[in-house]
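Structural features, examined
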Amino acid sequence: MTSQTPVISSDLIPSELAPIIEALCAVSKDVAKIIAKGSLGQSLAHQVGENSDGDGQKALDVLSDEMFAEALKSTSVRWYASEEQEDAVLLNEAGAYALAIDPLDGSSNIDVNVSIGTIFSIYAAKDEAEASFLRPANEQLAGGYIVYGPATALVVTFGKGTVQFVLNPDSGLFELAEEAMQIPATSKEFAINASNFRHWTKPVSAFIDDCLAGVDGPLEKNYNMRWVGSLVAETHRILTRGGIFLYPRDGRSGYENGRLRMVYECAPMAFLVEQAQGGATDGKTPIMDQAADTLHGRAPLVFGSSELVDRVAAYHDKAGA
Ligand code: AHG
Ligand code: MN
Ligand code: MN
């Protein structure tokens with residue numbers, strides 16, 4: 001652990017997982033500090049390599065991966081699976097848990113002072129590393145993220161609601177801010193990378209066309225669009241005030257299952273969103289009922305206000321997609 005004094009303590013955190021959450025929060029304080037230095041500190045956004053998915057690895061991707069892995073060695077995490085490492089690694093032979101992590105989500109926003117984050121998911125460990133992660137998302141024991149934004153916050157679920165702790169810069173502690181986040185059932189805000197519109201499937205195009213048609217279209221409402229480019233920041237906005245996020249499959253080569261990875265992006269976000277009364281699907285089937293077939297396998301992701309997520313599923317049904 002990086003710090004001796006606990007940085008988070010709450011009876012909403014199951015005691016057996018508390019040391020892991022403590023380690024994640026302690027490291028995240030250090031990561032937040034590094035990020036807060038911006039261009040005054042070390043260079044964080046230069047490319048240092050490529051991960052197994054073919055994404056460029058930035059210095060901060062690699063550094064944060066090392067920081068989390070090191071701190072988790074002294075917890076009961078047996079298997080550690082990271083976006084930045086090809087295979088899951090053994091951290092503590094005697095550990096009871098398997099932790100998947102996107103150490104730094106939103107790498108393209110590192111050098112532009114826009115919110116980025118860390119995403120994690122915890123399962124009970126099995127004997128085999130891969131089997132610990134390639135299983136239905138509904139077997140997660142915990143899912144969460146830390147957002148490094150104007151405020152640093154931990155948003156986490158253990159299956160009993162979605163809880164928010166905010167890092168108080170005065171106390172240096174993650175303090176309980178919201179016991180049960182609730183996503184409004186509907187909203188007038190959507191998030192999608194519209195530059196890919198020519199590659200979208202029919203149901204996705206039809207849904208976005210109807211949003212763009214506003215009050216004159218079948219949805220009879222004027223919609224607004226937001227796109228940050230950091231999944232953590234999009235999720236935080238939607239957990240706070242509703243809306244819908246889509247990273248669907250599209251016609252580009254390599255995007256048959258969208259862009260986001262099931263194990264350490266889609267599954268934990270779906271868990272958080274469902275625990276806050278929202279919906280999360282691949283377009284029509286709930287993410288929580290699905291399992292990845294490889295550690296870095298992708299899944300199309302649609303989540304947010306339940307009425308909007310249901311509507312997208314209905315467009316898929318109508319198109320027989
Ligand atoms: P990461 O930085 O961990 O690779 O994840 C970036 C993800 C996600 O945060 C974001 O929603 C999406 O990539 C943006 O992708 P595009 O640049 O394809 O829109
Ligand atoms: Mn990511
Ligand atoms: Mn990442």
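Being a predicted model, the structure only gives us computed values, none of them experimental.

Below, the discussion takes up the overall build of the protein chain. When helices and strands are counted, the protein chain shows seven helices and 15 strands. Taken over C-alpha atoms, the radius of gyration comes to 19 Å for the protein chain, in line with the 20 Å a tight globule of 321 residues would show. Its C-alpha atoms give the protein chain principal-axis dimensions of roughly 60 × 45 × 40 Å. Within the protein chain, the proportion of its 321 residues that are buried is 55%. Residue pairs in contact within the protein chain that sit at least 24 positions apart in sequence constitute 62% of those at least 6 positions apart.

Look at helix H6 (residues 262-274): only 16 Å from first C-alpha to last across 13 residues, short of the 18 Å you get at 1.5 Å a residue. The element H6 is largely enclosed, with a buried count of twelve among its 13 residues. Buried residues of H6: Met262, Val263, Tyr264, Glu265, Cys266, Ala267, Pro268, Met269, Ala270, Phe271, Leu272 and Val273, and no others.

Coordination of the manganese ion (ligand 2) by the protein involves Asp102 (OD), Asp105 (OD) and Glu265 (OE), with metal-donor separations of 1.9 to 2.2 Å. Look at where the donors of the manganese ion (ligand 2) fall in the sequence and you get D-x2-D-x159-E.

Volume-wise, the largest pocket comes out at about 650 Å³. In this structure, the largest pocket is lined by 31 residues; those nearest its centre are Ala32, Lys33, Ile35, Ala36 and Lys37. Of the residues forming the lining of the largest pocket, the biggest block, six residues, is contributed by helix H1 (residues 18-36). Of the residues in the lining of the largest pocket, the class split is 15 nonpolar, eleven polar and five charged. Counted as a void, the second largest pocket has a volume near 450 Å³. For the lining of the second largest pocket, the secondary-structure elements that each account for two or more residues are strand E2 (56-58), strand E5 (97-105), helix H5 (231-241) and strand E13 (244-247). Its residues placed into classes, the lining of the second largest pocket shows seven nonpolar, nine polar and twelve charged. Each of two domains, domain 1 (18-178) and domain 2 (189-319), supplies a minimum of three residues to the lining of the second largest pocket.

This paragraph deals with empty space enclosed by the protein. Inspection of the entire model under this criterion finds two cavities of 30 Å³ or more. In this structure, the largest cavity spans a volume of roughly 40 Å³. Along its surface, the largest cavity is lined by Ile192, Asn193, Asn196, Trp200, Leu246, Tyr247, Pro248 and Asp250. For the lining of the largest cavity, the per-class residue count stands at five nonpolar, two polar and one charged. In this model, the second largest cavity occupies a volume close to 30 Å³. What lines the second largest cavity is Tyr123, Phe133, Arg135, Ala137, Met262, Val263, Ala267, Gln290, Ala291 and Ala292. Among the residues forming the lining of the second largest cavity, the class breakdown is eight nonpolar, one polar and one charged.

Moving on to the packing of H5 against H6. Relative orientation of the contacting elements H5 and H6 amounts to 10 degrees, with a least axis distance of 11 Å. On the basis of their axis angle, the class for H5 and H6 is roughly parallel. In this structure, H5 contributes Leu231, Val232, Thr235 and Leu239 to the contact, and H6 contributes Glu265, Met269, Leu272 and Val273.

Moving on: the sheet that holds E13. Strand order across the open sheet formed by five strands is E12-E11-E13-E15-E14, with mixed pairing between neighbours. The open sheet is flanked by strand E12 (224-225) and strand E14 (279-281), the only strands paired with a single partner. Across four bridges, the pairing between E13 and strand E15 (residues 301-304) is antiparallel. Bridging from a neighbouring strand, Leu246 pairs with Val302 of E15. In the packing of H5 onto the sheet, contacts are made with strand E11 (189-191), E13 and E15, and the angle to E15 comes to roughly 30 degrees.

A few words now on the coordination of the manganese ion (ligand 3). Of the protein atoms, only Glu83 (OE), Asp102 (OD) and Leu104 (O) coordinate the manganese ion (ligand 3), at distances of 2.1 to 2.2 Å. Each donor residue of the manganese ion (ligand 3) lies on the same chain, and together they follow the pattern E-x18-D-x1-L. The distance between the manganese ion (ligand 3) and the manganese ion (ligand 2) is 3.8 Å, with Asp102 acting as a donor to both metals.

When you line up the elements, Gly117 lands in strand E6 (residues 116-124). Looking at Gly117, the relative accessible area reads 0%, which means it is buried. Remark: the alpha-carbon pair of Gly117 and Ser230, spanning 113 residues in sequence, is separated by 7.6 Å. What Gly117 contacts, discounting residues up to four positions off in sequence, is Asp102, Pro103, Leu104, Asp105, Ile146, Val147, Tyr148 and Val232.

Turning our eyes to something else, we now look at the packing of aromatic side chains. Inspection of every chain in the model, using the stated rule, returns five aromatic pairs. Their ring planes at 80 degrees and their centres at 6.5 Å tell us that Phe197 and Trp200 sit as a pair that is edge-to-face. You can call Phe197 exposed: its relative accessible area is 55%. Looking at Trp200, the relative accessible area reads 13%, which means it is buried.

The rules behind each value
Residue positions are given per chain, counted from 1 along the sequence in the order it is written. Chains and ligands are labelled sequentially in the order written, the chains with letters from A and the ligands with numbers from 1. This being a predicted model, a pLDDT of at least 70 is required before a residue's local features are given, and a value of 80 or more before pairs of side-chain atoms are given or counted; all residues contribute to the totals for chains, interfaces and linings. Hydrogens and waters are ignored; side-chain quantities use all the structure's heavy atoms. Under the DSSP-based scheme used, a helix requires at least four consecutive residues in state H or I and a strand at least two consecutive residues in state E, with every element numbered from the N terminus. Each radius of gyration is computed over the set of C-alpha atoms, and the globule rule expresses the reference value as 2.2 Å times the number of residues to the power 0.38. To sort residues, take the accessible area from a 1.4 Å probe on protein chains only and compare it with the maximum for the residue type: under 20% means buried, over 50% means exposed, and anything in between is partly exposed. Should any heavy atoms of two residues lie within 4.5 Å, those residues are counted as being in contact. Expected helix span is computed as 1.5 Å times (number of residues minus one). Each metal's donors are the N, O and S atoms within 2.8 Å of it, or within 3.2 Å when it is Na, K or Ca, and because water is not part of the set, sites may look incomplete. Buried and open spaces are told apart on a 1 Å grid over the protein atoms alone, a cavity being a set of points where a 1.4 Å probe fits but cannot get out and a pocket being an open set with protein on both sides within 12 Å along at least five of seven lines. Residues with an atom within 4 Å of a point are the lining residues. Grid points are joined across faces, edges and corners, and a volume is the space filled by probe spheres set on the points. Three classes are used: nonpolar for Ala, Val, Leu, Ile, Met, Phe, Trp, Tyr, Cys and Pro, charged for Asp, Glu, Lys and Arg, and polar for all others, with Gly counted as polar. Domain ranges listed in this record stem from an automatic or a database domain assignment. Lines fitted to C-alpha atoms define the axes, with helix axes restricted to the stretch in contact, and inter-axis angles between N-to-C directions lie between 0 and 180 degrees. Note on terminology: angles under 35 degrees are roughly parallel, angles over 145 are roughly antiparallel, angles of 65 to 115 are roughly perpendicular, and the others are oblique. Only strands that DSSP links by at least two bridges are regarded as paired with each other. Pairing of aromatic rings covers Phe, Tyr and the six-membered ring of Trp, with a centre-to-centre limit of 6.5 Å; geometry is then stacked below 30 degrees between planes, edge-to-face above 60, and tilted otherwise.

Function cannot be inferred from these measures alone, as they are strictly geometric.
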